[in-house]
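# Observations on the three-dimensional arrangement
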Amino acid sequence: MIPTSQLSQLPAHFAALIEPIDAFLQCPTPEAWLAEAAKPSNLQTLLVDHCNCELKAAQTGLLMMRRYGLSLDAIELIKDWTKPFEDYVYFLAGDGKFPDKKAAFSVELAAKDETPLARDIIRKMLALVKEELMHFEQVLDVMRRQKVDYVRLSASRYAGGMIKKVRTYEPAALMDKLVIGALIEARSCERFARLAPRLDPAIGQFYLRLLKSEARHYQDYLSLAQQVAEQDVKLAAGFDQRVQELAEVEASLIASEDTEFRFHSGVPATAH
Ligand SMILES: [Fe+2]
Ligand SMILES: [Fe+2]
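Residues numbered from 1 in each chain as written. Chains lettered and ligands numbered in written order. Predicted model: local features only at pLDDT ≥ 70, side-chain atom pairs only at ≥ 80, totals over all residues. Heavy atoms only, no water.

By the naming in an unreviewed UniProt entry, the protein is tRNA isopentenyl-2-thiomethyl-A-37 hydroxylase MiaE, taken from Halioxenophilus aromaticivorans.

Structure below.
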């Protein structure tokens, strides 16, 4: 779905990374959003919202670990992991220096039960959380170099628009949350790829460097969703259809008009 003219601007290994993501998403990012995102007047909003999204992604990973993977003792061990990052974003507190994640996160985290699912959720989400917090700091670095200040920004309608479709009973709720995680990671990856050639090369190169880990996050979420579905005959039978339904909700949030410009916003209202 990405026009060949734009894909050809990406090195071949990046284009190959994007192909399955492009097939998974039900619509490409609209041209009007890309044009809006490339405007210098929107650089601050783009970078600050991107920074917030990285923290949100880490918080989501921790939430999945707490709810579906960890023992009570392990939940206690991770409870303050995102606090320095949250203090910076919510209270503009601190100097923008954060604890070394390798040292801080290298503790033994026990699973709440012996199932492969609990263990896989911990393993995959732990890797994701570390990377998202690293990305958070990297976006702050890019902002410093671009002389863009951190400001408070409201979240877009995007994630909330999907979360409200999550079914209210388990394990369907878990499956839905994981599929939504896959959609958000896939869209982020697609936007980084399409936006990179349109931005200041320093930011464009940074966005291309993020593609690989965001593509892996998409795969990890989707394979965990499949794993959940495989444990329930009804969920397994309806898996493809449910993925399609949620992907259509995602696409409608991307393809419809949106009054606020954000990293995951829809078509800018001013475009009409
Ligand atoms: Fe990220
Ligand atoms: Fe990610």
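## A closer look at the packing of aromatic side chains
As a reminder of what qualifies: Pairing of aromatic rings covers Phe, Tyr and Trp, the last through its six-membered ring, and needs centres within 6.5 Å; plane angles under 30 degrees mean stacked, over 60 mean edge-to-face, and all others mean tilted. Elements are defined by DSSP. Helices are runs of H or I of four residues or more, strands are runs of E of two residues or more, and each kind is numbered from the N terminus. Exposure classes here rest on a 1.4 Å probe applied to the protein chains alone. A residue is buried below 20% of its type maximum, exposed above 50%, and partly exposed in between. Put simply, a charge is over a ring when the Lys NZ or the Arg CZ is close to the ring centre, within 6 Å, and near the line of the ring normal, within 35 degrees.
Taken as a whole and assessed by the stated rule, the structure comprises twelve aromatic pairs. Ring geometry for phenylalanine 24 against tyrosine 218: centres 5.0 Å apart, planes inclined by 45°, an arrangement best described as tilted. With phenylalanine 24 in helix 2 (residues 12-24) and tyrosine 218 in helix 11 (residues 201-230), the pair connects residues that are 194 residues apart, well separated along the chain. Relative to tyrosine 207, the ring of phenylalanine 192 lies with its centre 4.7 Å away and its plane at 55°, an arrangement referred to as tilted. Highlighted residues: phenylalanine 192 in helix 10 (residues 172-195) and tyrosine 207 in helix 11, separated in sequence by 15 residues. With a relative accessible area of 2%, phenylalanine 192 lands in the buried category. Relative accessible area serves as the criterion here: at 0%, tyrosine 207 is assigned to the buried category. Over the face of the ring belonging to tryptophan 33 we find arginine 191, whose NZ or CZ atom lies 3.9 Å from the ring centre.

## Notes on the coordination of the iron ion (ligand 1)
Condition: Atoms are scored as donors when they are N, O or S and lie within 2.8 Å of the metal, with 3.2 Å used for Na, K and Ca; no water is included, so coordination may look incomplete. Irregular is the label for any site that misses the other tests, which are tetrahedral for four donors with all angles between 85 and 135 degrees, and square planar for four donors or octahedral for six when opposite donors exceed 155 degrees and the remaining angles lie between 65 and 115.
At the metal site, the iron ion (ligand 1) is ligated by Glu54 (OE), Glu132 (OE), His135 (ND1) and Glu214 (OE), and these contacts range over 2.0 to 2.3 Å. The coordination sphere of the iron ion (ligand 1) comprises four donor atoms, whose angles at the metal cover 85 to 140°; the geometry is irregular. Sequence spacing of the donors to the iron ion (ligand 1): E-x77-E-x2-H-x78-E. A separation of 3.5 Å is found between the iron ion (ligand 1) and the iron ion (ligand 2), which are bridged by glutamate 132. Taken as a pair, glutamate 54 in helix 4 (residues 43-68) and glutamate 214 in helix 11 lie far apart in primary sequence, 160 residues in all. A relative accessible area of 2% means that glutamate 214 is categorised as buried.

## Thoughts on the nonpolar core
For clarity, the threshold we go by: Only buried Ala, Val, Leu, Ile, Met, Phe, Trp, Tyr and Cys residues count toward a nonpolar core, and they belong to the same one when joined by side-chain atoms within 4.5 Å. Here a residue-residue contact requires only that any non-hydrogen atoms of the pair lie within 4.5 Å.
Judged by nonpolar contacts, the single largest core of 89 residues is most densely connected at Leu46, Met65, Leu109, Phe136, Met143 and Tyr207. Excluding its chain neighbours within four sequence positions, the residues that come into contact with phenylalanine 136 are Cys51, Glu54, Leu55, Phe85, Tyr88, Val89 and Phe98.

## Section: the packing of helix 2 against helix 10
Keep this limit in mind: In this analysis, axes come from line fits to C-alpha atoms, helices being fitted only over the stretch in contact, and the angle between any two N-to-C directions falls in the range 0 to 180 degrees. An angle below 35 degrees is treated as roughly parallel, one above 145 as roughly antiparallel, one from 65 to 115 as roughly perpendicular, and anything else as oblique. Less than a right angle of anticlockwise turn of the near helix away from the far helix marks a crossing as left-handed, whereas a clockwise turn marks it as right-handed.
As a packed pair, helix 2 and helix 10 sit with axes 10 Å apart at the nearest point and diverge in direction by 125°. Between helix 2 and helix 10, the angle is such that the two are oblique. Seen from above, helix 2 lies across helix 10 with left-handed handedness. Each of Ile18, Ile21 and Phe24 in helix 2 lies in contact with helix 10, whose residues at this interface are Ala182, Leu183, Ala186, Cys189, Glu190 and Ala193.

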